[in-house]
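Summary of structural features
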Amino acid sequence: MAFMLQCPSCEQEGLDPRHSLSQCTVCKDNFSLEAHCPQCDGVLERVQACGAVDFFCNSCNNLVSKRSARFVITKVA
Ligand SMILES: [Zn+2]
Ligand SMILES: [Zn+2]
């Protein structure tokens, strides 16, 4: 099963970290997802590799998996 993030509105795992704008599959609220580096806290770039999306930190020059990235989740009106 795909890795999903917990939605701040309904607290279910309904947000897909592959998209910078994601709609909760449970409560249908919209959120912007920004991935941050766990090492330097810089904003990560999305990189597509073999159909999967991972994140890349330009400061650390490091690939960061979506499981270790820190997500800032902001509700979009
Ligand atoms: Zn939700
Ligand atoms: Zn970094």
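One structure accompanies this document, and this report is about it.

Parameters at a glance
Residues numbered from 1 in each chain as written. Chains lettered and ligands numbered in written order. Predicted model: local features only at pLDDT ≥ 70, side-chain atom pairs only at ≥ 80, totals over all residues. Heavy atoms only, no water. Donors = N, O, S within 2.8 Å, 3.2 Å for Na, K, Ca; no water. Tetrahedral: all angles 85-135°; square planar, octahedral: opposite > 155°, others 65-115°. Buried < 20%, exposed > 50% of the residue type's maximum accessible area, 1.4 Å probe, protein only. Pairing = 2+ DSSP bridges. Helix = DSSP H or I, 4+ residues; strand = E, 2+ residues; numbered from the N terminus. Axes fitted to C-alpha atoms, helices over the stretch in contact; angles between N-to-C directions. Salt bridge = Lys/Arg side-chain N within 4 Å of Asp/Glu carboxyl O.

1. Topic: the coordination of the zinc ion (ligand 1)
Coordination sphere of the zinc ion (ligand 1), protein contribution only: Cys7 (SG), Cys10 (SG), Cys24 (SG) and Cys27 (SG), at 2.3 to 2.4 Å. Considering all 4 donor atoms around the zinc ion (ligand 1), angles at the metal cover 105 to 116° and the coordination shape is tetrahedral. Between consecutive donors of the zinc ion (ligand 1), the numbers of intervening residues give the motif C-x2-C-x13-C-x2-C. The exposure class assigned to Cys24 is buried, which follows from its relative accessible area of 0%. You can call Cys27 partly exposed: its relative accessible area is 28%.

2. Structural notes on the sheet that holds strand 4 (residues 30-36)
A sheet is described by the order of its strands in space; here 3 strands give the open sequence 3-4-8, paired in antiparallel fashion. The sheet is open, and its two edges are formed by strand 3 (21-23) and strand 8 (70-76), each paired on a single side. Strand-to-strand twist in this sheet, taken as the mean axis angle between neighbours without regard to direction, amounts to 35°. Pairing of strand 3 with strand 4, which is carried by 3 bridges, proceeds in the antiparallel orientation. Following the sheet pairing, Ser22 is matched in strand 4 by Phe31.

3. Some points on the coordination of the zinc ion (ligand 2)
Within the protein, the atoms that donate to the zinc ion (ligand 2) are Cys37 (SG), Cys40 (SG), Cys57 (SG) and Cys60 (SG), at distances of 2.2 to 2.3 Å. Its 4 donor atoms give the zinc ion (ligand 2) angles of 101 to 114° at the centre, a pattern that matches the tetrahedral case. Expressed as a motif, the donor residue spacing for the zinc ion (ligand 2) is C-x2-C-x16-C-x2-C.

4. Observations concerning the sheet that holds strand 5 (residues 45-49)
Taken in spatial order, the 3 strands make up an open sheet running 5-6-7, and their pairing is antiparallel. Each edge of the sheet is formed by a strand with only one pairing partner; in this case those strands are strand 5 and strand 7 (62-64). Mean inter-strand twist for the sheet, computed between neighbouring axes without regard to direction, equals 45°. Bridge count between strand 5 and strand 6 (residues 52-57): 5 bridges; the pairing is antiparallel. Within the sheet, the bridge partner assigned to Val47 lies in strand 6 and is Asp54.

5. Here we look at the pattern of salt bridges
Per the counting criterion, the structure on display carries 3 salt bridges. One salt bridge connects Asp29 with Lys75, and the closest N-O pair in it is separated by 3.1 Å. Residue Asp29 is found in the loop between strand 3 and strand 4, and its partner Lys75 is found in strand 8; the two are separated by 46 residues along the sequence. In this structure, the salt-bridge partner of Arg70 is Asp41, at a minimum N-O distance of 2.5 Å. You can see Arg70 sitting in strand 8 and its partner Asp41 sitting in the loop between strand 4 and strand 5, a full 29 residues away along the chain. When its relative accessible area of 40% is taken as the criterion, Arg70 is described as partly exposed. Assessed through its relative accessible area of 40%, Asp41 is described here as partly exposed.

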